[in-house]
Amino acid sequence: MELRDELDKALETFGKRLAAVGPDQWTAGTPCTEWDVSALVRHVVEGNAHCGQLLRGEEVDRSPVTGDLTEAWSASVEVIRSAFREPGAMTAEVRLPKRTVSGEEFLIMRISGLVVHSWDLARAIGAAEEMDEGLVRLAYGFFAPAAAEGSLPADRFGAPLPAAEPEADLLTRLLLACGRNP
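(A) Geometry of the state of the cysteines. With the rule as written, the count across this model stands at 0 disulfides. Take Cys32: it sits in no disulfide, and the sulfur closest to it among the cysteines is that of Cys178, at 9.6 Å.

Dropping the structure here:
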């Protein structure tokens, strides 16, 4: 599996859901109880936009995204794609607030966040919630251990919920691990 191809799939998944947001849905609540649709999209856009700076070891510009969020999304897609295609991006040392990770682990983290937030956005606007199985498997591999350790950021993820059934599908298990109620 080429992680940059998975990134493209995750960006496409979120982008399709973003394109489906109706004019009256920007203030709709999301499974991230602190955020409405516009705050969720802004969070994802800002995360994408910071990737290049983080991969280069630069100070992150924390200026909030303003203006048209769909335009900001398009610009952020170009930034994140370009950042992870730079030579050395996958082996870069990325300093995050609580730890340092490799560029590859950072990419997995970004893809995983896109997967969960794509579902959040779909749920908020009543769009199809199905996800690519490979993306779900990647995100579950990232989030499940963090949820078991209790190390998911509380501002973005609820406490893990117990699995309803042992035979629950992987997307359901991923969502439960991230504190979402599917």
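Picking up where we left off.
(B) View of helix H4 (residues 103–125). Over its 23 residues, H4 runs 32 Å from end to end, which matches the ideal 33 Å to within 8%, given 1.5 Å per residue. A positive backbone phi angle near 75° is found at Gly126, which sits one or two residues after H4.

(C) Local environment of the side chain of Ser76. Relative to the assigned elements, Ser76 resides in helix H3 (residues 69–85). There is a polar contact of 3.2 Å between the side chain of Ser76 and the side chain of Asn48.

(D) Structural detail: the nonpolar core. Counting residues in each nonpolar core, the largest one holds 59 residues, and the members touching the most others are Trp73, Phe84, Phe106, Ile111, Leu121, Phe143 and Leu174. Sorting the residues of this core by element identifies helix H1 (3–19), helix H2 (37–55), H3, H4, helix H5 (133–149) and helix H6 (170–177) as the ones contributing at least two each. Of the residues forming this core, the biggest block, 11 residues, is contributed by H4. Discounting chain neighbours no more than four positions away, the residues touching Leu174 are Val115, Val116, Val136, Ala139, Tyr140 and Phe143.

(E) Looking closely at the pattern of salt bridges. The final tally for this structure, using the stated rule, is 12 salt bridges. With a closest N to O distance of 4.0 Å, Arg81 and Glu78 form a salt bridge. Of this pair, Arg81 and Glu78 both sit in helix H3, 3 residues apart, roughly one helical turn. Among the residues examined, Arg81 registers a relative accessible area of 26% and is labelled partly exposed. Between Glu105 and Arg99 there is a salt bridge, with its nearest N and O atoms 3.0 Å apart. Overall, Arg99 belongs to the partly exposed group, its relative accessible area being 40%. Taken together, the shared-partner salt bridges connect Asp8, Glu78, Arg81 and Arg85 into one network.

(F) Highlighting the packing of H1 against H3. At a minimum axis separation of 11 Å, H1 and H3 run at an interaxial angle of 175°. On the basis of the axis angle, H1 is roughly antiparallel to H3. Note on element contacts: H3 touches H1 through Thr70, Trp73, Val77, Ile80, Arg81, Phe84 and Arg85, opposite Arg4, Leu7, Asp8, Leu11, Phe14, Gly15 and Leu18. Of the residues belonging to the contact of H1 with H3, the class tally is 8 nonpolar, 2 polar and 4 charged.

What counts, and where the lines are drawn
- Residues numbered from 1 in each chain as written.
- Predicted model: local features only at pLDDT ≥ 70, side-chain atom pairs only at ≥ 80, totals over all residues.
- Heavy atoms only, no water.
- Disulfide = S-S within 2.5 Å.
- Helix = DSSP H or I, 4+ residues; strand = E, 2+ residues; numbered from the N terminus.
- Expected span 1.5 Å × (residues − 1).
- Polar contact = N/O pair within 3.5 Å; in protein donor to acceptor, adjacent residues only side chain to side chain.
- Core = buried A, V, L, I, M, F, W, Y, C linked by side-chain atoms within 4.5 Å.
- Buried < 20%, exposed > 50% of the residue type's maximum accessible area, 1.4 Å probe, protein only.
- Contact = heavy atoms within 4.5 Å.
- Salt bridge = Lys/Arg side-chain N within 4 Å of Asp/Glu carboxyl O.
- Axes fitted to C-alpha atoms, helices over the stretch in contact; angles between N-to-C directions.
- Parallel < 35°, antiparallel > 145°, perpendicular 65-115°, else oblique.
- Nonpolar A, V, L, I, M, F, W, Y, C, P; charged D, E, K, R; others polar.

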